[in-house]
Amino acid sequence: MTMETTETSGAADRARREVPAPGGAESIAAARAFARGGVLAALEALRDTLGDVFQLPLPGFSGIMLAGPEAARFVLTESREGLLWRAEQDPVTRLLRRGMLVTDGDEHDALRHIIAPVLHKRLFESYARAVGTSVDRVTARWGDGEHVPVLEDMRRIALLSLMGALYDEDFAPHLRDLWPDIERAIRFISPGPWLIWPSIPRPGYRRAIERLDRYFLDLIARRRATPGDAGDIVSALIAAGLSDELIRDQLLTMFIAGHDTSAALLAWSLALLARHPAMLATLVAEIDALLGSEEPAYLRLGQAPYLDRVIKEALRLYPPIHLGSRIAATDLVFQQIPIPAGTRVLYSIYLTHRDRRFWRDPEQFAPDRFLPDGAAARPAYAYIPFGGGPRNCIGAAFAQWEAKLALARLLQRFSFQATGGALRARMRATLEPHPDMRVAVYRRQSTRTSGV
């Protein structure tokens, strides 16, 4: 090693800094924010005082939190190979086993290669009827003026749509029986004490997971007995020669991650529109002018720019994938801060989407911020609702199209009004509205009705 190299290395070492940690004042501010708005408000308070990289003030937690576009680029692209998705003791891994979401490297890429063709945009038009039928099934029981539970009913629509479109399976006969098990599986992988104490006991979930396993293994057996043309995910995985167990892992991964993201997006979109009548009226007018009484279709919805902006803004305010978690596989450095191998690295899409450096009045619902001029002014990775880089969410395009189609069909048939109370977010596997949030629904007399 030359003297110049030694001096350069020494200068680099001296330039490195410790992870900012909250002191007394920062901890008090975070505690007050937590009392007002929960965990997300506390994280915002810490980011505002400590910057884009900080330690979380949690006992026994050795990880760090990252936020902002530079952090997103670092996690999602620049250090992809050095940050692992798979953490053996995490409930997500224990539930999904060898599912694509919790695998790395060549294993992940091979699974993604099998599943990706089923999620290609060219197939979306053929999936439209499954989504429309799902909306009609769920809303058939809505009474005029009823206050409906937004999250619960949007979850039903998302489950039926996903299974009908991508699995070629009518899930309606199984929905009521498996509903408690689905809820428990989501709760099992939601953020909680296991982030700090990975080995904490998690009693009460085994039976729910076993029941979901039996359903998917039975579905695989039925498809093996009547092989198809690989036009759906189940058939594609069978045709690829995977074992029943590995197919189960992919089916459950897509089932949980796919429907939960769409359910949250639909619920937030509906709740936000109900609280902004003028924006709701603008969107209804666009849908009426575009579709009239015709069923929504993939190609037609590409001509609905305001609908696109509404969906994007809902994803900005309440990104379903609000918090990402990785494990450093090797020693890394971000903004002169060393990240030793084995460190838990959390990155927050929620904080990035509400960064005042890039978003004016970030707490406001303002779809027109996604007009072309506004979008062009923001840096890359300032808006990443489904992640980014080589491992961006494989179902991102499907989830957004599904939400547009379902929302258009809902607005053709119903008007919506807020029922009072503030919007409250709940951190689970996705960032979802509180389950007691409701909206009032009224059947429209004509698809040409312009009011709400």
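The preceding data block contains the structure.
The following paragraphs examine the structure supplied in this document. These figures come from a predicted structure and were not determined experimentally. (Residues numbered from 1 in each chain as written. Predicted model: local features only at pLDDT ≥ 70, side-chain atom pairs only at ≥ 80, totals over all residues. Heavy atoms only, no water.)

1. Regarding the overall build of the chain
Piece 1. Within the chain, the regular secondary structure consists of 17 helices and 12 strands.
Piece 2. Relative to the 2.2 N^0.38 estimate, which gives 22 Å for 452 residues, the radius of gyration of the chain is 23 Å and therefore close to what a compact globule would have.
Piece 3. By principal-axis analysis of the C-alpha atoms, the chain measures approximately 80 × 55 × 40 Å.
Piece 4. Of all 452 residues assigned to the chain, the portion counted as buried reaches 53%.
Piece 5. The long-range share in the chain, meaning contacts at least 24 apart out of those at least 6 apart in sequence, stands at 73%.
Piece 6. Taken as a whole, the chain presents about 19600 Å² of accessible surface, with 53% of it coming from carbon and sulfur. (Helix = DSSP H or I, 4+ residues; strand = E, 2+ residues; numbered from the N terminus. Rg over C-alpha atoms; globule rule 2.2 N^0.38 Å. Buried < 20%, exposed > 50% of the residue type's maximum accessible area, 1.4 Å probe, protein only. Contact = heavy atoms within 4.5 Å. Areas by Shrake-Rupley, 256 points an atom, 1.4 Å probe, with all protein chains shown as cover.)

2. Focus: the side chain of R444
Piece 1. Topologically, R444 is positioned in the segment after β12 (438-443).
Piece 2. At 2.6 Å, the side chain of R444 and the backbone oxygen of L411 are in polar contact. (Polar contact = N/O pair within 3.5 Å; in protein donor to acceptor, adjacent residues only side chain to side chain.)

3. Structural notes on the sheet that holds strand β5 (residues 323-328)
Piece 1. Strand order in this open sheet of 5 strands is β1-β2-β8-β5-β3, and the pairing throughout is mixed. Only two strands of the sheet have a single partner each, and these edge strands are β1 (53-55) and β3 (83-84).
Piece 2. Relative to strand β8 (residues 344-348), β5 runs antiparallel, the two being bridged by 5 bridges. Residue pairing across strands places S325 opposite L346, the latter belonging to β8.
Piece 3. Across the sheet, helix α2 (residues 24-50) is in contact with β1 and β2 (64-67); its angle to β1 comes to roughly 120 degrees.
Piece 4. The sheet contacts of helix α3 (residues 69-78) involve β2, β3, β5 and β8, and relative to β2 the element is tilted by about 110 degrees. (Pairing = 2+ DSSP bridges. Axes fitted to C-alpha atoms, helices over the stretch in contact; angles between N-to-C directions.)

4. Observations regarding the environment of D249
Piece 1. Secondary-structure assignment places D249 in helix α11 (residues 244-274).
Piece 2. Residue classification places D249 among the buried positions, given a relative accessible area of 4%.
Piece 3. Distance from D249 to D213, taken between C-alpha atoms, is 9.0 Å for residues 36 residues apart in sequence.
Piece 4. Side-chain polar atoms of D249 contact the side chain of R248, separated by 2.9 Å.

5. Remarks on the pairing of β2
Piece 1. Burial along β2 is two-sided: I64 and L66 facing one way and M65 and A67 facing the other are all buried.
Piece 2. Bridging between β1 and β2 involves 3 bridges; their strand directions are antiparallel. Bridging from a neighbouring strand, F54 pairs with M65 of β2.
Piece 3. Pairing geometry for β2 and β8, over 4 bridges, is parallel. Within the sheet, the bridge partner assigned to I64 lies in β8 and is V345.

6. Re the packing of helix α7 (residues 150-166) against helix α8 (residues 172-189)
Piece 1. Across the interface, α7 lies against α8 with an axial gap of 11 Å and an inter-helix angle of 115 degrees. As the angle between them shows, α7 and α8 are arranged roughly perpendicular. By crossing handedness, the relation of α7 to α8 is classed as right-handed. When α7 is examined against α8, the residues E152, R155, R156, L159 and L160 are found in contact with a partner set consisting of A172, L175, W179, I182, E183 and I186.
Piece 2. Of the residues contributing to the contact of α7 with α8, the split by class is 7 nonpolar, no polar and 4 charged. (Parallel < 35°, antiparallel > 145°, perpendicular 65-115°, else oblique. Left-handed = near helix turned anticlockwise from the far one by under 90°. Nonpolar A, V, L, I, M, F, W, Y, C, P; charged D, E, K, R; others polar.)

7. Topic: helix α9 (residues 206-225)
Piece 1. Given a rise of 1.5 Å per residue, 20 residues ought to cover 28 Å, and the 28 Å separating the end C-alpha atoms of α9 matches this to within 8%.
Piece 2. Those residues of α9 that sit buried are A208, I209, R211, L212, D213, Y215, F216, L219, I220 and R223.
Piece 3. Residues of α9 that are buried make contact with α4 (91-96), α7, α8, α10 (233-239) and α11. (Expected span 1.5 Å × (residues − 1).)

8. Brief notes about the sheet that holds strand β9 (residues 414-418)
Piece 1. Strand order across the open sheet formed by 3 strands is β4-β12-β9, with antiparallel pairing between neighbours. The open sheet has two edge strands, β4 (147-149) and β9, and neither has a second partner. Put simply, the sheet's adjacent strands are angled 45 degrees from each other on average, direction ignored.
Piece 2. Sheet strands in contact with α7 are β4 and β12, and its direction is about 60 degrees off that of β4.

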